[in-house]
Structures are given as structure tokens and as C-alpha cells.
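Below, each chain spelled out in residue letters.
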Amino acid sequence: MTTEQTAAATPTPTSRAAQPQPRDRRRGWLSFLRDVLIIVLVAVLVSFLVKTFLVRSFYIPSGSMESTLMVNDRILVDEITPRFGGYGRGDIVVFRDPGGWLPPRAETERSFLLEGVDWTLSLVGLAAPDSDDHLVKRIIGMPGDHVVCCNAIGQVTVNGVPIDETDYVQRPTPDSPASGEPFDVTVPENRLWVLGDNRYSSKDSRYNQDQPGEGFVPVENVVGRAFLTTWPFDRFGMLDFHRDVFGGVPEASDEPVEDPTDAPTDAPPEAPAENPLP
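None of the values given here were measured: they were computed from a predicted structure.

Q: Run through the overall build of the protein chain, naming residues and quoting values.
A: Looking only at helices and strands, the protein chain has three helices and twelve strands in total. Residues classed as buried in the protein chain amount to 36% of the 278 residues present. Pairs at least 24 apart in sequence give 73% of the contacts found in the protein chain among residues at least 6 apart. For the protein chain, the computed accessible surface area is about 17,800 Å², with 58% contributed by carbon and sulfur atoms.

Listed below in C-alpha cells is the structure:
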């Protein structure tokens, strides 16, 4: 009878190098956190560059542009396209106060934490802390334009051509003129004449003619052209510049066209011209 002796199983020695060490795990977490930090910094930098040079976000603090823009709407403003192509009649623009358009604003004490959060969110376009220092209106007159209100049927005329603003101007009644305040201006070089769509509740160019800028907005004060409503979601969409409204307006250098609605209907025949005295 044979007996076999079975040796007790002995554990195979494991190399220390094959086991994860606390130091390696710590390095892994540090690498992960470093990568996350780099991604966040790059995202913030890109957002900052986009916000500074391409697109900015603003909110609407007043009802001067209703019903095109409503109170607390969030909009995006294109900063770069107008710099190459310029602005045009009908554009909705955001601009810095030319001086005296906005009432003095009382400074409120804010905590350092709140200021920091607001500043951080503004970098990525999620907050617009300087919206209260800017205004938003529609361009009606470009440099050189002769803008008058109103003709016999209550329309604004630009270079002698009446413009039909019924698609976007809000007024008390359908028969109300396009402006309750008459005006007759020629827009200087590098200036704009702007009006709010809520024409009877907008302190725009008409009501700032006693200010140093005489109601005109320097082109250099314009931040950019608003093009998109982003909030609330049910109002998300592109903004309409109504360029067709101004399609028949000649350039300021062209011969002005007489507005037929201003011509008298029962004018007496014109007297023959007298010979000049010798």
C-alpha cells in the first residue's frame, strides 16, 4: 500500500509592485482633478472670449420694446457681425447710455460672495449684471437720414418715404400716430436715431433731444445687434428686423422723395411768379 504525502498549499507570493499603493491612488485622483480643472478653465476662457468679442447676453429690464421684447426676456447680442457689415434700419441694438438717458441708479451693497458668483456667471453668459446700464431700441434713422413724424396719416417718414410700422409698433389704438411726440431731425455722421417698439412708453431718441447728444446715439456706443431671444423658452426664437418696412427708403445722399400723404388736397392754384425787381 502506497501512501502519498500531499504538501500543504502555500500561497504564491505577490509582488508589491502589482498591488495598488496609496501613493499611486493619490496620483490618480490628482491627475483626474488636474484634467477637470484644465477643462473648466478652457471652457471659461472660451466663454469669456466669445462673450467679449462675439456674443453677449442681456436681459430686458423695461417694457419699452414690447411686444417684440418683454420684461425679463434674455437676449443674445451679436458683437462681431455689425463691425464688418455695419448696422441698418430696423436693427434692434443694445447700446451704452449716451448720457442722461437713464436715471441715476442708487448703488446697493452686495456681499463679496454674491459679486463673485455674478462675475463668474457673467463670464460664461449666464448672467448680465450690466444690463441696467444699457438700452435696447430699434434703429429708424441712419447717418444722414432725414426722419420726420408724423405725416398726414400718422406715419414716420425717412428721407421723404413713409414707413408702415404696424407689424411691430405698439400704440394705444390702431389709429394712433406712430409717435405721440412730433420730431423732425437729420441724423449726424456716426450717429443713429432709435425708437422703442412700444412707442408710447419708450424714453428713446425723441425724449432725449435736450441731452448733450441731442437724442442721437453714437455708433461707438453700440454694443451689438440683438438677434435671439433665449429665455423664457416659450419665447425662444430669432428677432425680426422688419427690413422690408424700410425697403423703399432711398439713401440719404439720394434726392428725397416727396411724401404724397403730406400734399394738400384742396390747395389753391399757384400764383404766377413775379418778375424780380431790376
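Q: Please provide a residue-by-residue account of a nonpolar patch on the surface, values included.
A: Together, Trp29, Leu30, Phe32, Leu33 and Val36 line one region of the surface with nonpolar side chains, adding up to about 550 Å² of accessible area. We classify Trp29 as exposed; its relative accessible area is 59%.

Q: Please give an account of the pattern of salt bridges that cites residues and values.
A: On inspection of all chains with the given rule, the structure shows seven salt bridges. A salt bridge links Arg138 to Asp197; the nearest nitrogen and oxygen atoms lie 2.8 Å apart. Of this pair, Arg138 sits in strand β4 (residues 134-141) while Asp197 is found in the loop between β9 (191-195) and β10 (217-218), placing the two residues 59 residues apart along the sequence. The exposure classification of Arg138 matches that of Asp197, with both residues buried.

Q: Residue-level account of the state of the cysteines, with values.
A: Scanning the model with the defined rule gives one disulfide in all. Two residues share a disulfide in this structure: Cys149 and Cys150, whose sulfurs sit 1.7 Å from each other. For Cys150, a relative accessible area of 28% corresponds to the partly exposed category.

Q: Kindly report on the nonpolar core, identifying the contributing residues and their values.
A: Ranked by internal contacts, the top residues of the largest apolar core, which has 19 residues, are Ile140, Val147, Val156, Ile163 and Trp193. Elements that contribute at least two residues to this core include exactly β5 (146-149), β6 (156-158), β7 (161-163), β8 (183-186) and β9. Among residues more than four places away in sequence, those in contact with Val147 are Ile140, Gly141, Val156, Thr157, Val158, Phe183, Asp184, Val185, Val187 and Trp193. One finds Ile60, Leu69, Val136 and Phe241 within the second-largest nonpolar core, a separate group that totals 13 residues.

Q: Go over the sheet that holds β7, please, and point to the residues and values.
A: Paired through backbone hydrogen bonds, the strands of a sheet run either parallel or antiparallel to each other. Taken in spatial order, the four strands make up an open sheet running β7-β6-β5-β8, and their pairing is antiparallel. Edge strands, defined here as strands with exactly one partner in the open sheet, are β7 and β8. When strand polarity is set aside, the average angle formed by the axes of neighbouring strands in this sheet is 20°. For β5 and β8, the ladder comprises four bridges, and the chain directions are antiparallel.

Q: How would you summarise unusual backbone geometry if you had to cite specific residues and measurements?
A: Cis peptide bonds are those with omega within 30 degrees of zero, and the linkage from Glu66 to Ser67 qualifies with 0°. Along the chain, the position of Ser67 falls in the loop between β1 (55-59) and β2 (74-78). Geometrically, the link from Trp231 to Pro232 is a cis peptide bond, its omega value of 0° lying close to zero. When you line up the elements, Pro232 lands in the loop between β11 (222-231) and β12 (237-238). Even without glycine at this site, Asn190 takes up a positive phi of about 60°. Among the secondary structure elements, Asn190 is positioned in the loop between β8 and β9. Looking at Asn190, the relative accessible area reads 47%, which means it is partly exposed. Its identity is not glycine, yet His242 carries a phi of approximately 50°, on the positive side. The topology assignment puts His242 in the segment after β12.

Q: A description of the environment of Arg138 should follow, citing residues and the corresponding values.
A: Accessibility expressed as a relative area gives 0% for Arg138, which makes it buried. Sequence separation between Arg138 and Trp193 is 55 residues; the distance between their C-alpha atoms is 8.6 Å.

Q: Go over the pairing of strand β3 (residues 92-96) with me, naming the residues and quoting the values.
A: Regular strands have side chains that alternate between both faces of the sheet. Most of β3 is tucked away: four of the five residues are buried. With five bridges connecting them, β3 and β4 associate as antiparallel partners. Bridge pairing links Ile92 to Arg138 in β4. Bridge count between β3 and β11: three bridges; the pairing is antiparallel. Within β11, the position partnered with Val93 by the bridge is Arg225.

Rules behind the numbers
Residues numbered from 1 in each chain as written. Predicted model: local features only at pLDDT ≥ 70, side-chain atom pairs only at ≥ 80, totals over all residues. Heavy atoms only, no water. Helix = DSSP H or I, 4+ residues; strand = E, 2+ residues; numbered from the N terminus. Buried < 20%, exposed > 50% of the residue type's maximum accessible area, 1.4 Å probe, protein only. Contact = heavy atoms within 4.5 Å. Areas by Shrake-Rupley, 256 points an atom, 1.4 Å probe, with all protein chains shown as cover. Patch = residues over 30% accessible without salt bridge, like charges linked within 9 Å, V, L, I, M, F, W, Y side chains within 5 Å. Salt bridge = Lys/Arg side-chain N within 4 Å of Asp/Glu carboxyl O. Disulfide = S-S within 2.5 Å. Core = buried A, V, L, I, M, F, W, Y, C linked by side-chain atoms within 4.5 Å. Pairing = 2+ DSSP bridges. Axes fitted to C-alpha atoms, helices over the stretch in contact; angles between N-to-C directions.

These results come straight from atomic positions and should not be treated as a statement about function.
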